[in-house]
Amino acid sequence: MNLVGNAIKFTPEGGRIELAARKVDDKVRVEVRDNGPGIPSEQQQQIFEAFVRLSQTGSATEGTGLGLAITARLVELHGGKLGIESRPGQGSCFYFSLPIVTATQEQLDPANIARPRAAGTPRILIVEDNVATGQLIQSQLASSGYETLRCDRPERAIHMAVEFQPDAITLDLLMKPIHGLEVLQRLKDDPLTSKIPVIVVTIADQPAVGSAVCADEYLLKPVDKATLLAAIERCLHSRGRAAPTRAILVVEDDVSTREMIVELLTVHGYAVNTAGDGAEARASVARSLPELVILDLVLPKMSGFDLLAEWRANPRTAELSVFVLTSKDLSKEEEKYVRAHAESLFQKQNSWREPLIKQLERVVASTPTLVGDA
């Protein structure tokens with residue numbers, strides 16, 4: 001979408017834009033061609049850098065200059081590379097190749113993947129035959145610290161519940177080939193799964209029917225995240241389990257500043273983990289979602305801008321709360337981007353300690369202190 005949008009923006013009225021895809025060896029190559037003005041060779045590598053924008057003669061340049069940088073990073077995360085072929089006056093071709101992976105639904109079924117339970121992390125099984133809805137529920141729970149399993153084949157729901165023993169199950173009703181009510185009845189009849197709380201999440205407004213077969217909660221689609229999380233927490237409480245406790249991640253390469261932030265947070269009762277560079281921060285978040293990230297922008301190995309862009313592009317971390325704390329002198333475009341993609345921006349050269357704590361109190365509950373390295 002970004003490449004097509006750029007082609008439309010830079011191709012004059014009456015021009016031609018072509019989208020094509022073809023197999024090349026074990027990859028698929030996707031191309032977006034236009035017959036616009038083209039890009040000079042000296043600018044062709046610069047355009048993939050953050051905040052670099054091409055200017056058009058006689059017109060203002062729109063955008064932040066981040067689209068291609070984020071697109072390139074997304075392609076890299078999928079094992080490909082974004083490239084360009086262009087000559088001034090002859091148009092441009094942006095292209096990327098992605099590996100072709102042949103797999104059946106059975107091979108990708110979560111039931112076939114061994115997952116050791118993370119210590120203390122509640123596990124939720126999502127039974128939903130609509131892939132998009134299942135992924136949405138999964139991202140909402142994962143971003144709140146839950147371990148998730150998704151089952152998009154209702155006939156396998158009982159098998160997965162028995163094998164993985166989740167702490168709770170979300171269940172759609174209008175599914176095929178087995179209706180959700182039949183799945184619910186089987187779950188409650190099986191002694192191996194009868195004690196697992198079931199939260200019905202459906203478009204069918206029939207809570208009395210759900211109650212008749214012992215649904216623990218009944219939510220109507222579309223369900224917002226707060227309502228879903230509240231229902232999950234009630235079910236966990238009924239089993240003597242607690243919602244995930246997550247620490248604040250402090251990403252700061254300067255040791256003295258990092259220690260100062262950690263001390264400030266621990267004095268106020270917050271659990272804290274730390275990362276000394278961008279690569280450590282990325283690995284820490286990939287391993288376990290923090291409650292919130294306090295992020296410096298100038299970091300070794302991977303900048304705060306790159307981390308922020310990557311986290312916002314990933315459904316698992318799209319809603320991760322980020323406070324930016326930096327001494328970098330931001331350009332207008334950089335400040336605009338940070339304010340659009342982070343909850344708060346604090347400058348180290350200003351008085352930031354008290355405002356940061358006040359803002360934290362609005363979004364994070366105090367927890368027992370835990371300080372460690374990423």
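None of the values given here were measured: they were computed from a predicted structure. (Residues numbered from 1 in each chain as written. Predicted model: local features only at pLDDT ≥ 70, side-chain atom pairs only at ≥ 80, totals over all residues. Heavy atoms only, no water.)

**Q** Could you clarify how one ought to interpret unusual backbone geometry in this entry?
**A** Excluding glycine, most residues fall at negative phi; most peptide bonds, likewise, are trans. A cis amide bond, omega 5°, links K176 with the succeeding residue P177. Considering the arrangement of structural elements, one finds P177 in the loop between β7 (168-171) and α6 (180-189). Of the consecutive residues K221 and P222, the connecting peptide bond is found in the cis state with omega at -10°. Positionally, P222 belongs in the loop between β9 (217-220) and α8 (225-238). For Q165, which is not glycine, the phi torsion reads 45° and is therefore positive. Tracing the sequence through the fold places Q165 in the loop between α5 (157-164) and β7. Positive phi, normally seen in glycine, also occurs at K301, with a value near 70°. Note on placement: K301 falls in the loop between β12 (292-295) and α11 (304-313). (Helix = DSSP H or I, 4+ residues; strand = E, 2+ residues; numbered from the N terminus.)

**Q** Explain the sheet that holds strand β3 (residues 81-86) here, please?
**A** By definition, the strands of a sheet pair up through backbone hydrogen bonds, in either a parallel or an antiparallel sense. Taken together, four strands build an open sheet; the order of strands is β1-β2-β4-β3 and the sheet is antiparallel. Where the open sheet ends on each side, the last strands, each with one partner, are β1 (17-24) and β3. Ignoring which end each strand starts from, the neighbouring axes of this sheet average 20° apart. The pairing of strand β2 (residues 27-34) with strand β4 (residues 92-99) spans eight bridges and is classified as antiparallel. Residue pairing across strands places R33 opposite C93, the latter belonging to β4. Across the sheet, helix α1 (residues 2-10) touches β1, β2, β3 and β4, and the angle it forms with β2 is around 20°. Set on the sheet, helix α2 (residues 67-77) makes contact with β3 and β4; between it and β3 the angle comes to about 125°. (Pairing = 2+ DSSP bridges. Axes fitted to C-alpha atoms, helices over the stretch in contact; angles between N-to-C directions. Contact = heavy atoms within 4.5 Å.)

**Q** I tried to follow the packing of aromatic side chains on my own but got confused; where do I start?
**A** Here the distance between the centres and the angle between the planes together describe a pair of aromatic rings. The full count for this structure, using the stated rule, is one aromatic pair. Note that R29 overlies the ring of Y95, its terminal NZ or CZ placed 3.9 Å from the centroid. (Phe/Tyr/Trp six-rings, centres within 6.5 Å; stacked < 30°, edge-to-face > 60°. Lys NZ or Arg CZ within 6 Å of the ring centre and 35° of its normal.)

**Q** Help me understand helix α12 (residues 332-341) in this model?
**A** A turn of α-helix holds 3.6 residues, and therefore any two residues three or four places apart point the same way. Inspection of α12 places E334, Y337 and V338 among the buried residues, and these make up the whole buried set. Axial view of α12: buried residues confined to an arc of 95°, hence all on one face. Away from the buried face of α12 by more than 90 degrees, exposed residues K332, K336, R339 and A340 are located. If you follow the buried residues of α12, they end up packed against α2, α11, β13 (322-326) and β14 (344-347). (Buried < 20%, exposed > 50% of the residue type's maximum accessible area, 1.4 Å probe, protein only. Arc of directions from axis to C-beta.)

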